[in-house]
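One letter stands for each residue in the lines below.
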Amino acid sequence: MCGIVGYTGSQSAIAPLIEGLRRLEYRGYDSAGIALGTPGKLFVQKRAGKLSNLESELIQTLPSATSGIGHTRWATHGGPTDRNAHPHLDNEGKLAVIHNGIIENYTELRAMLEARGHKFESETDTESVAHLLSDLRKTSHGDLAAAMREAVKSLRGSFTLVAIHADQPEVVVGVRRNSPLVVGLGVGENFMASDVAAFIDYTKRAVELGQNEVVTLTPTSVEITDLDGNAITPREYSITWDSSAAQKGGFSHFMLKEIFEQPKAVADTLIGRLSGSGDIVLDELTLSDNEIRELKKIVVLACGTAYHAGMIAKYAIEKWAKIPVEVELASEFRYRDPLIDSSTLVIAISQSGETMDTLMALRHAKANGARVLAVCNTNSSTIPREADAVLYTHAGPEIAVASTKAFLTQVIAVYLIGLHLARIRGVMDRSEVKAIFDELGELPAKIEQILETVEPLRALTRNYTNSTSVLFLGRNVGFPVALEGALKLKELAYMHAEGFAGGELKHGPIALIESGTPVIAILPAGHEHGLDEKMLSNIQEVKARGAHVIVIAQEGDEVPGAEHVIRIPKSLPLLQPILATVPLQVFAYEMAVARGNDVDQPRNLAKSVTVE
Ligand code: F6R
């Protein structure tokens, strides 16, 4: 939710801090701030609004400092003001702290610290940590890491905290609990950040931190301990992507770049997944064939766009593997008494691997005896680390807040799981699995084809910029696609948008149709259950009430009566979401641009939602 970066080295800290924050701005962009460490004095600057506001302030003379911390905020406690921006300071102005997450017991802490004479400047939960650390540092003889270990023992909630003190400005101390923090190892310099993207230009060597581990950086050392001060051996790994993946590469927005990266993302997620003998290769699953045969049900847990991928999983896995699948919003799951046990496979889908709702649901599932498989796009993030097994999607870094390529690869991942289970449970034979896999293999070229012919859709979108509401209709696997189209439009264009199952229209939503209301309908591929004809009837029903209908239909299908038809290549009906989603992403993108909205950083949102 917030982006955090820390640097200590021999060069000026300002470049790695600001460049790091720019790379992390997707995590929150309500305010930004830095603290630079110089002997005996901290230089602190913070501003409400985007990082650019802070940068324009920084044009003035800066102290030459070789260490510092920086923060970009998604507000939780206290509005997005200069005063509530991080870093927060102790009363001497010598200790600065930045925070991602929530300190649940901050009211008690604040009362206790105020009673001791501390004066608070902000409404945030974070500031209580600055005052607490300040006191504990004194009783720890100036040892900031020891103070951090003690402080964390009295904090409740989820957090990453990073602190610096003017008396030892080259020392940067961090800790994480249920919130991300990674260390970057340089030569004569070291980094810490919420995401490796912040320091990828400086080093490819990273160290992951476990829960409740405290890390102390100097330019030449990295020490990790648990909360009792016991040393922990750093777990180093190499970052496999380069910084060009985190740049716009000539596109006007990250979202557009990521939409255009989808053919490659889908192809990469499929690579190596079919063996020479025609079986799906999913070694990551770590379930024996017997365990797979004994599974009684699957529960998919996810939020937002990832939840829509979960809905598609239900159609595919039930059809192919003949095993019941429930799909549940992760944020709801643990607040009832879900019927799960060791015969349940839980699939937790998350691009970031840090979504707190999904993480908490995963823990609840494990505590109730279920096996958990994570489908995730971010290496070494918390959800895959806590799951029993992980299937990584290979979408590459997704920077735009609105998810696009990660969604398509999540859908591919659940198709692979469905085919694998079908094969092991003996529902499908090799040739059936191979036939579907071959169709999957054709999807990248088909997405490419859609993207090559997308200009008329972009022009068409601009006809609807002044509409107040857009409705999306789908049936079967087209229903989650309709929900996804509506979600993209809401979050990017700030328009009222809703997705419906076509058959539900007559049960209420049709009352929303007015003269000129744009309705985007996804015509089901194939004729199974006569669903295509039923959707054509739905189209007539909304047209009769004045709607303007845009239909997403596969090549060759007749669409009588639609104002506009957007063609997508033919595919198997169950695979159609991969193709039908792409024009809807483009529609939302174009609408946001036409309405002058910030495409990559829509208002009120953040990429990685690390609070419940
Ligand atoms: C919408 C979007 C969100 C995320 C949701 C889950 O475009 O990106 O709805 O899908 O916050 O995030 P992850 O997949 O990181 O768990």
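Thresholds applied
Residues numbered from 1 in each chain as written. Predicted model: local features only at pLDDT ≥ 70, side-chain atom pairs only at ≥ 80, totals over all residues. Heavy atoms only, no water. UniProt positions renumbered as here; feature names shortened; annotations may be inferred. Helix = DSSP H or I, 4+ residues; strand = E, 2+ residues; numbered from the N terminus. Rg over C-alpha atoms; globule rule 2.2 N^0.38 Å. Buried < 20%, exposed > 50% of the residue type's maximum accessible area, 1.4 Å probe, protein only. Contact = heavy atoms within 4.5 Å. Salt bridge = Lys/Arg side-chain N within 4 Å of Asp/Glu carboxyl O. Pairing = 2+ DSSP bridges. Axes fitted to C-alpha atoms, helices over the stretch in contact; angles between N-to-C directions. Parallel < 35°, antiparallel > 145°, perpendicular 65-115°, else oblique. Left-handed = near helix turned anticlockwise from the far one by under 90°. Nonpolar A, V, L, I, M, F, W, Y, C, P; charged D, E, K, R; others polar. Expected span 1.5 Å × (residues − 1). Core = buried A, V, L, I, M, F, W, Y, C linked by side-chain atoms within 4.5 Å. Phe/Tyr/Trp six-rings, centres within 6.5 Å; stacked < 30°, edge-to-face > 60°. Lys NZ or Arg CZ within 6 Å of the ring centre and 35° of its normal.

Within an unreviewed UniProt entry, the label attached to the chain reads Glutamine--fructose-6-phosphate aminotransferase [isomerizing], and the organism entered is freshwater metagenome. Listed under Catalytic activity (unreviewed entry) in UniProt, the entry text for the chain is "D-fructose 6-phosphate + L-glutamine = D-glucosamine 6-phosphate + L-glutamate".

Trainee: How do you make sense of the overall build of the chain when you look at a structure like this?
Mentor: Scanning the chain from N- to C-terminus turns up 18 helices and 24 strands. On C-alpha atoms alone, the chain measures out to a radius of gyration of 25 Å, which is about the 25 Å that the 2.2 N^0.38 rule sets for 612 residues. Counting only C-alpha atoms, the chain reaches 75 × 55 × 45 Å along its principal axes. Within the chain, the fraction of its 612 residues that count as buried is 62%. The long-range fraction of contacts in the chain, counting pairs at least 24 apart against all pairs at least 6 apart in sequence, stands at 71%.

Trainee: What's the story with the UniProt feature "domain: SIS" (unreviewed entry) in the chain in this structure? I'm lost.
Mentor: Sequence positions flagged by UniProt for "domain: SIS" (unreviewed entry) are, in local numbering, residues 288-427 and 460-602. In this annotation, residues 288-427 is assigned 46% helix and 20% strand; the end-to-end C-alpha distance for the span is 17 Å. Across residues 460-602 one finds 35% helix and 20% strand; the C-alpha atoms that close the span lie 22 Å apart.

Trainee: It is not clear to me how the pattern of salt bridges should be interpreted in this structure. Could you clarify?
Mentor: Pairing between side chains becomes possible if they bear opposite charge and their charged atoms approach one another. Inspection of the entire model under this criterion finds 40 salt bridges. Between R22 and E19 there is a salt bridge whose closest N-O contact spans 2.7 Å. Here E19 and R22 lie together in helix α1 (residues 14-24), a separation of three residues that amounts to about one turn. Look at R22 and you get partly exposed, because its relative accessible area is 38%. E528 serves as the salt-bridge partner of K319, at 2.7 Å between the closest nitrogen and oxygen. Taken as a pair, K319 in helix α9 (residues 304-321) and E528 in the loop between β22 (518-522) and α17 (531-543) lie far apart in primary sequence, 209 residues in all. Relative accessible area serves as the criterion here: at 39%, K319 is assigned to the partly exposed category. For E528, a relative accessible area of 39% corresponds to the partly exposed category. Several salt bridges share partner residues, and in doing so they unite E19, R22, R23, E55 and D201 into one network.

Trainee: What am I meant to see in the sheet that holds strand β1 (residues 3-8) here?
Mentor: Strand pairing in a sheet takes place through backbone hydrogen bonds and is either antiparallel or parallel in direction. Read across the open sheet, the eight strands follow the order β3-β2-β4-β1-β10-β9-β11-β14; overall the sheet is antiparallel. Sheet topology places β3 (41-48) and β14 (235-238) at the edges, where each strand pairs with a single neighbour. Averaged over all neighbouring strand pairs, the angle between strand axes comes to 20°, with direction disregarded. Relative to β14, strand β11 (residues 205-208) runs antiparallel, the two sharing four bridges. For A206, the partnering residue across the bridge sits in β14 and is Y237.

Trainee: Quick question: what am I supposed to make of the pairing of strand β10 (residues 190-193) here?
Mentor: Every other side chain in a regular strand lies on the same face of the sheet, so the side chains alternate between the two faces. Side chains N190 and M192 project from β10 onto one buried face, and the interleaved F191 and A193 project onto a second face that is buried too. Where β1 meets β10, four bridges bridge the pair, whose relative direction is antiparallel. Within the sheet, the bridge partner assigned to G6 lies in β10 and is M192. Summarising the sheet, strand β9 (residues 182-185) and β10 pair through four bridges and their orientation is antiparallel. When the bridges of β10 are listed, V183 appears paired with M192.

Trainee: It is not clear to me how the packing of helix α14 (residues 430-452) against helix α18 (residues 576-594) should be interpreted in this structure. Could you clarify?
Mentor: Axes are the key here: two packed helices are described by the angle between their axes and the distance separating the axes. Running from N to C, α14 and α18 point in directions that differ by 20°, and their axes come no closer than 10 Å. Between α14 and α18, the angle is such that the two are roughly parallel. α18 is crossed by α14, and the crossing has right-handed handedness. Contacts from L443, K446, I447, I450 and L451 in α14 reach I578, L579, V582 and P583 in α18. Each residue belonging to the contact of α14 with α18 can be placed in one class, and the counts come to eight nonpolar, no polar and one charged.

Trainee: How should helix α16 (residues 478-493) be read in this particular structure?
Mentor: Each α-helix turn comprises 3.6 residues. Residues three or four places apart therefore point the same way. Along its 16 residues, α16 runs 22 Å from first to last C-alpha, staying within 8% of the 22 Å computed at 1.5 Å per residue. Across the 16 residues that make up α16, a large majority, twelve, are buried. Every buried residue of α16 is listed here: G478, P480, V481, A482, E484, G485, A486, K488, L489, E491, L492 and A493.

Trainee: Please explain the nonpolar core as it appears in this structure.
Mentor: For soluble globular proteins, the rule of thumb is that nonpolar side chains tend to be buried together. Ranked by internal contacts, the top residues of the largest apolar core, which has 124 residues, are I317, W320, Y415, L440 and L489. The element that contributes the greatest number of residues to this core is helix α13 (residues 405-424), accounting for 13 residues. Residues within four places of W320 in sequence aside, it is in contact with Y415, G418, L419, A422, V427, M428, I436, L574 and L575. Counting 27 residues, the second largest nonpolar core, distinct from the first, contains L113, L136, M148 and F159.

Trainee: I keep staring at unusual backbone geometry and nothing clicks. Help me out?
Mentor: Excluding glycine, a negative phi dihedral is what most residues carry, and trans is how most peptide bonds are arranged. Cis peptide bonds are those with omega within 30 degrees of zero, and the linkage from H86 to P87 qualifies with 5°. Counting through the fold element by element, P87 comes out in the loop between β4 (67-73) and β5 (88-89). A positive phi angle, near 55°, is found at H141, a position not held by glycine. Judged by its relative accessible area of 75%, H141 falls in the exposed class. Backbone geometry places N604, a non-glycine residue, at a positive phi of 65°. Within the fold, N604 resides in the segment after α18.

Trainee: What should I look at first to understand the packing of aromatic side chains in this one?
Mentor: One pair of aromatic rings is described through two measures. These are the centre distance and the angle between the planes. According to the stated counting rule, one finds five aromatic pairs in the structure shown. Summarising the aromatic geometry, the rings of F191 and Y202 are spaced 5.2 Å apart at their centres and angled 40° between planes, so their arrangement reads as tilted. Of this pair, F191 sits in strand β10 while Y202 sits in the loop between β10 and β11, and the two are eleven residues apart along the sequence. Overall, the relative accessible area of 3% leaves F191 in the buried class. Judged by centre distance (5.6 Å) and plane angle (35°), the rings of F251 and F260 are tilted. Its relative accessible area of 29% is what places F251 among the partly exposed residues. Among the aromatic residues, ring-to-ring pairing joins Y7, F191, F199 and Y202 into one connected group. The ring of Y29 carries the charged tip of K50 above its face, separated from the ring centre by 5.0 Å. Positioned above the aromatic ring of Y494 is the side chain of R603, whose terminal nitrogen or guanidinium carbon lies 3.9 Å from the ring centre.

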